[in-house]
Every structure is written in structure tokens, then in C-alpha cells.
Amino acid sequence: MYELRRVETSSQWAAFINLPWFIYRDDPHWVPPLKMGVRDLLDTKKNPFFSHAEMFPIAAFEGEKCLGRVIGVIDRNHNQFHSEKTAFFGFFEAIQDQKLVNQLLDEVAKWAKSKGMEVLRGPMNPSTNHECGLLVEGFDDSPTVMTTYNPSYYPALLEGWGMVKAKDMYAYLVDSRRKVSDRLMAHSERLKQAGQVKLRPVRAKDFDEEIGRIFDIYNDAWEKNWGFVPMEPAEFRHLAKDLKTIYDPELCLIAEVQGEVAGFALTLPDVNQAIKKVKNGKLLPTGVFNLLWNTRGPGRRKTINRCRIVTLGIKKAYREFGIGPLLYTEYFKRAPALGYPCGEASWVLEDNKPMNQALEMMCGQRTKVYRIYDSVL
């Protein structure tokens, strides 16, 4: 039996955050997270997410060595929006030991049941508006920016405890050097000639106002998506503040119909290719210079050669205008010109037929599968 400790002290948090460096010490595809970012995300006083959520972080120790960790989360906004009694688990990491994993998840389940919850779902880090899902296929590539990665033995450990699939999400590799469907290109050209839809990049000088416009689209466009939870303004701006340091305005596109904002798409440079070089996860004393050299400086072109299509949303009132195809084909022109000949589109829900079909028409190759698990408590 391992000793489980609720994570409260600074030394316990250090052990919690440092565990991945032990788990992935021999994995060439792992991208070390920036420790500062993990601390910020899990800071219940700084992260606006926790204004409507509570967290239960625990770690498993053998002596003073941390060998497993997990957090439990109850998001009141999720349960109210979906009329559920669901708790989540996330930030799961563990050695390949079923007994250890059983102890961790038993403890989270006990906590969740004591709070009146009926389902345990995850992994969510800490929600669907952040990183989520367990990688179950596609272990031969490093994760792109804001996606998860894990050892190939994790699915068996979760399923060994009793977890079952709730939903799969796909990642597609889209390469501009491949021939795109003539049908898609012709359709896009017709829409462009019609002139009803205009595409423009985010105005960097007008960033705060642009975030407000995108926020309106976000909560309208994804309302019916599985697992979606509306974000509050403070949450959205907290996330936007982090993205502002890595985004490229030319890759963040807003669609307008007769001057009205109708949709947007966010594509990010895959800064994980640069973060991977900050091996200890620390920005100080030298990590920040390494990161800046490879994201903003002379090393950028050599280091970052792909991007990730993070999200694409269209307001319900404008879904008959064909905005999606216009955004897809626009990226085929913009991304290569900016130094990204290929990119990853993720995550796409397995039952989102329009999006899956569109990516297949763009010769997208499905390369990864992520899974959300459920367990009835």
C-alpha cells in the first residue's frame, strides 16, 4: 500500500508538479510543461475557474518519493448546465502499478460521492475548456500545443479500475502539400465570389475588444457540443491572456457577414516544439532566453514548422453561409506563407460528422485518438 496525502504544503505541491519528469524520463516524445503554467492553472486563488469549482488534489508516496497523482474536480457550472451530478479527475500521472492507481481513484471517488456526485469523468485538466482526454492512439509523435500526452499503459490502468469510454476525440494531420478536394476548393471560391462573408485576422492593437467579440461567438457556437460549458468573462480573459503570448494574429481569423461578427477560428504556432527544449520546465534563469530565441527570435523558423487548429466556431444564425469551408481553405494559403506547411486539427469529436468529413476532404490524416472516460459511482 502507498501512502496517500492530500496536496497542501509547498513541498507536496513541488512533488506533485515534478512527478512527470520521473514518469517520462526516457520518453523522447514527451514535452515538459512549464512549471509556472501548471502552478497558475492549479492556483485556486488566481484561476477564475475555481470561482465555480472545487478541487481535491492527492498524491501517492512511497517514503518521500511521489509515484502517482490525481486531482478531483467538481464544477458547479458544468453540473448546472448539463443537469448532472458529475465529478472530474485530471492531472493523472502514475507508475505502471494497478494497485497504486486503484488507491488514487478510489480516494477521488470517495470524495466525489461524499459531495453527492454520481459519475466520475476524465481526464480533464481541469475541464473541457482546458486540456482534456487521454491519448489512446498515436504515441509516436510529440503532443502539439495545448494537447495531452501520456504513456501507452495509462488506458489499461484506468480501464482496470473500471473506467469505460464516454467519448473519443480525433486529431488530424493536415498538410498543405497534399492536394485538397477540388469540390471543397470550388465551393470555397463560389462563396468568396459571392462576397457575403469577409475574413480578417484579429486586430492585435484592438486585442481586448476582439476578445469580447470572440467570447460572444464562443458561448453561442459551442452551446450544443458534447461536454461544453459556457465560460465566464473572467475565465475567458484569463485564458486569452496566456494565449496572447504565443498567438500569431495572422492565424486567428474572424468571419464577418455584412459587417457583423459571425465566426472565428484559432490556429496557434506549435510552441511545444520550442518548449520541448526547456527540459527542466523552468523559465529561470536561462529557460526564458531559450524559449524566446525559439519562439520570437532567430531560432523560430528552424524550430517551429507546424501549427495547431485549436478551435473553429460559427454562430448559429450564420451557419448557412458556408463560413467553415472559407476558413479551412484560407488556412491552406496563410499557414504555409507564415512558415507552417502542416498542422494538426484537434480535438474533433468522433460524432461531429461535418467536421470529420471536411478534414477528410482536405486530405487530413487521422493520427491520434484521445478518450474521455466515465465511471458510475
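As shown above, the structure is provided for reference.
Draft legend 1. Quick peek at the overall build of the protein chain. Scanning the protein chain for helices and strands turns up 13 helices and 15 strands. Here the C-alpha radius of gyration of the protein chain, 21 Å, is about what a compact globule of 377 residues would show, namely 21 Å. Each principal axis of the C-alpha distribution contributes one length, and for the protein chain these read about 65 × 50 × 35 Å. By residue count, 57% of the 377 residues in the protein chain fall in the buried class. Nonlocal contacts in the protein chain, meaning residues at least 24 apart in sequence, comprise 78% of its contacts between residues at least 6 apart. Taking the average place of the 52 positive charges on the side chains of the protein chain and the average place of its 47 negative ones, the gap between the two points comes to 4 Å.

Draft legend 2. Structural context of the packing of helix H7 (residues 207-221) against helix H8 (residues 233-244). In contact at an axis separation of 11 Å, H7 and H8 are set at 125 degrees when each is read in the N-to-C sense. As far as their axial angle goes, H8 and H7 are oblique. The way H7 lies across H8 gives a crossing that is right-handed. Taking contact as the criterion, the partners of Phe-207, Asp-208, Ile-211, Gly-212, Ile-214, Phe-215 and Tyr-218 in H7 are, on H8, Pro-233, Phe-236, Arg-237, Ala-240 and Lys-244. Here the residues of the contact of H7 with H8 sort into eight nonpolar, one polar and three charged.

Draft legend 3. How the structure looks around the environment of Phe-50. Looking at where Phe-50 falls in the secondary structure, it is placed in the loop between helix H2 (35-41) and strand E2 (53-62). Among the residues examined, Phe-50 registers a relative accessible area of 9% and is labelled buried. If we ignore the near neighbours within four places in the chain, the residues touching Phe-50 are Leu-41, Leu-42, Asp-43, Thr-44 and Met-55.

Draft legend 4. Expanded view of unusual backbone geometry. Following Gly-122, the chain continues into Pro-123 via a peptide bond in cis, with omega recorded as 0 degrees. Inspection of the secondary structure assignment puts Pro-123 in the loop between strand E5 (119-122) and strand E6 (124-125). In this model, Ser-83 sits at a positive phi of 55 degrees, which is unusual for a non-glycine residue. Structurally, the position occupied by Ser-83 is in the loop between helix H3 (76-82) and strand E4 (86-94). Here Cys-363, not a glycine, exhibits a phi torsion of approximately 60 degrees, which is positive. Note on placement: Cys-363 falls in the loop between helix H13 (353-361) and strand E15 (365-376). Its relative accessible area of 29% is what places Cys-363 among the partly exposed residues.

Draft legend 5. Representation of the environment of Lys-99 within the structure. Within the secondary structure, Lys-99 sits in helix H4 (residues 98-114). When the C-alpha positions of Lys-99 and Gly-72 are compared, they lie 19 Å apart, and in sequence the two are 27 residues distant.

Draft legend 6. Seen up close, the pairing of strand E12 (residues 260-269). Where burial is concerned, most of E12 is hidden: nine out of the ten residues are buried. Here strand E11 (residues 252-257) pairs with E12 via six bridges, running antiparallel. By the bridge assignment, Leu-253 is partnered in E12 with Ala-265. Count of turn residues in the E11/E12 antiparallel hairpin: two residues, of which Gln-258 carries a positive phi of about 50 degrees. Looking at chain direction, E12 and strand E13 (residues 306-314) are connected through seven bridges and run antiparallel.

Draft legend 7. Quick look at the environment of Ala-166. Mapped onto the elements of the fold, Ala-166 is located in strand E9 (residues 164-175). Given a relative accessible area of 24%, Ala-166 falls into the partly exposed group. Note: C-alpha distance between Ala-166 and Glu-84 (82 residues apart in sequence) is 15 Å. Excluding its chain neighbours within four sequence positions, the residues that come into contact with Ala-166 are Trp-226, Ile-372, Tyr-373 and Asp-374.

Draft legend 8. Seen up close, the pattern of salt bridges. With the rule as written, the count across this model stands at 21 salt bridges. As a salt-bridge pair, Glu-350 and Lys-165 come within 3.1 Å of each other at their nearest N and O atoms. Separated by 185 residues along the polypeptide, Glu-350 in the loop between strand E14 (342-349) and H13 and Lys-165 in strand E9 bring together distant segments of the chain. A salt bridge links Arg-213 to Glu-210; the nearest nitrogen and oxygen atoms lie 2.5 Å apart. Here Arg-213 pairs with Glu-210, and both are found in helix H7, just three residues apart, close to one helical turn.

Draft legend 9. Examining the packing of aromatic side chains more closely. This structure, assessed with the given rule, holds 18 aromatic pairs. Here the aromatic cluster, defined as three or more aromatic residues joined through ring pairs, consists of Phe-81, Phe-215, Tyr-218, Trp-222, Phe-228, Phe-236 and Phe-264. When the ring centre of Phe-22 is taken as origin, the NZ or CZ atom of Arg-25, which lies over that ring, is 4.2 Å away.

Draft legend 10. Quick peek at the packing of H4 against helix H5 (residues 154-161). At a closest axis distance of 9 Å, the pairing of H4 and H5 adopts a crossing angle of 55 degrees. It follows from the interaxial angle that H4 and H5 lie oblique. Regarding H4 and H5, the two cross each other, and that crossing is right-handed. Between H4, through Gln-98, Val-101, Asn-102, Leu-105, Asp-106 and Ala-109, and H5, the contact on the second element is made entirely by Ala-156, Leu-157, Leu-158, Gly-160 and Trp-161. Residues belonging to the contact of H4 with H5 are distributed by class as follows: seven nonpolar, three polar and one charged.

The rules behind these values
- Residues numbered from 1 in each chain as written.
- Predicted model: local features only at pLDDT ≥ 70, side-chain atom pairs only at ≥ 80, totals over all residues.
- Heavy atoms only, no water.
- Helix = DSSP H or I, 4+ residues; strand = E, 2+ residues; numbered from the N terminus.
- Rg over C-alpha atoms; globule rule 2.2 N^0.38 Å.
- Buried < 20%, exposed > 50% of the residue type's maximum accessible area, 1.4 Å probe, protein only.
- Contact = heavy atoms within 4.5 Å.
- Lys, Arg positive; Asp, Glu negative; His and termini not counted.
- Charge placed at Lys NZ, Arg CZ, Asp CG, Glu CD.
- Axes fitted to C-alpha atoms, helices over the stretch in contact; angles between N-to-C directions.
- Parallel < 35°, antiparallel > 145°, perpendicular 65-115°, else oblique.
- Left-handed = near helix turned anticlockwise from the far one by under 90°.
- Nonpolar A, V, L, I, M, F, W, Y, C, P; charged D, E, K, R; others polar.
- Pairing = 2+ DSSP bridges.
- Salt bridge = Lys/Arg side-chain N within 4 Å of Asp/Glu carboxyl O.
- Phe/Tyr/Trp six-rings, centres within 6.5 Å; stacked < 30°, edge-to-face > 60°.
- Lys NZ or Arg CZ within 6 Å of the ring centre and 35° of its normal.

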